[in-house]
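# A closer look at the structure
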Amino acid sequence: MPKIQNRFDFRQEADTLEIYIYGVIESDYRDWWTGEEIESETSADFFREKLAEYPNAKTIKLFVNSQGGSVLEAMGIRAQLARHPAKKIAIVDGWAASAASFIITICDEVRMFSSSMQMLH
């Protein structure tokens, strides 16, 4: 199994799309040291581009282990999931904190382990 980094990971088998939200949710940003524009792989824009590749998914399993991050980006991600016609199932692998907790509220089902946590504030 490939390592999941601080980015969103999309995988599809048959009619089920698996999306992993692991790490901090953040927008594109400018590196203060180099001035270079950095494209975030956990932004709403990246999520939109990737989700558009799977318009025919019947079920989306959203695996989450994130401490949150940008509420603005999370709002965009949640809206995109809301528009997708698939049944949405959130599985909290560890934490769904802050902005990440907001994303899973659009899902039809939320599954959590006894050791998982959803943190709202």
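The following refers to the structure shown. As a convention, each chain's residues are numbered from 1 in the sequence order in which they are written. Whole-chain, interface and lining totals are the exception, using all residues; otherwise, since this is a predicted model, local features are given only for residues with pLDDT of at least 70 and side-chain atom pairs are given and counted only at 80 or more. Hydrogen atoms and water are omitted, and side-chain values are computed over all heavy atoms in the structure.

Secondary structure elements follow DSSP: runs of H or I no shorter than four residues count as helices, runs of E no shorter than two count as strands, and numbering proceeds from the N terminus. Of the regular secondary structure elements, the chain holds three helices and eight strands. Its helices and strands in sequence order give the chain the pattern β-β-β-β-α-β-α-β-α-β-β, from N to C terminus. Values of the radius of gyration come from C-alpha atoms, whereas the globule rule sets the reference at 2.2 Å times the count of residues to the power 0.38. Relative to a compact globule of 121 residues, whose C-alpha radius of gyration would be 14 Å, the chain shows 14 Å and is just as compact. Projected onto its principal axes, the C-alpha positions of the chain cover 40 × 30 × 30 Å. Residue burial in the chain is summarised as follows: out of 121 residues, 41% are buried. Just so you have it, the chain exposes about 7000 Å², and 52% of that area is on carbon and sulfur atoms. All tallies of charge rest on Lys and Arg as positive and Asp and Glu as negative; His and the ends of each chain are not included. The atoms used to mark charge sites are NZ of Lys, CZ of Arg, CG of Asp and CD of Glu. One way to put it: in the chain the 13 positive side-chain charges average out to a point 7 Å from where the 18 negative ones average out. Residue exposure (1.4 Å probe, protein chains only): buried if accessible area is under 20% of the type maximum, exposed if over 50%, otherwise partly exposed. The method behind every accessible area is Shrake-Rupley, applied with a 1.4 Å probe, and residues are considered shielded solely by the protein chains displayed.

What follows deals with the pairing of strand 1 (residues 8–13). In short, DSSP must find at least two bridges between two strands for them to pair. Examined bridge by bridge, strand 1 and strand 2 (residues 16–22) share six bridges and lie antiparallel to one another. Residue Phe8 lies in a different strand from strand 2, and its bridge partner there is Ile21. Linking strand 1 back to strand 2 in an antiparallel pair, the connection comprises two residues, with Ala14 at a positive phi of about 55 degrees.

Counted at 1.5 Å a residue, the expected span for helix 2 (residues 71–83) with its 13 residues is 18 Å, and the 18 Å between its end C-alpha atoms agrees. Whether two residues are in contact is decided by their heavy atoms, any of which lying within 4.5 Å being enough. Contact partners of the buried residues in helix 2: strand 1, helix 1 (44–51), strand 5 (59–66), strand 6 (87–97) and helix 3 (99–104). Of the residues flanking the start of helix 2, the one acting as N-cap is Ser70, its side-chain oxygen 3.4 Å from the backbone nitrogen of Leu72. Helix span is expected to be 1.5 Å times the residue number reduced by one. N or O atoms closer than or at 3.5 Å make up a polar contact, with two conditions inside protein: a donor-capable atom paired with an acceptor-capable one, and, for residues adjacent in sequence, both atoms drawn from side chains.

Only buried residues count toward a nonpolar core. Its members are Ala, Val, Leu, Ile, Met, Phe, Trp, Tyr and Cys residues joined through side-chain atoms within 4.5 Å. One finds Ile19 and Leu62 to be the most contacted residues of the largest nonpolar core, which totals 27 residues. For this core, the secondary-structure elements that each account for two or more residues are strand 1, strand 2, helix 1, strand 5, helix 2, strand 6 and helix 3. Listed in part, the five residues of the second largest apolar core include Tyr20, Phe63, Ile89 and Ile91.

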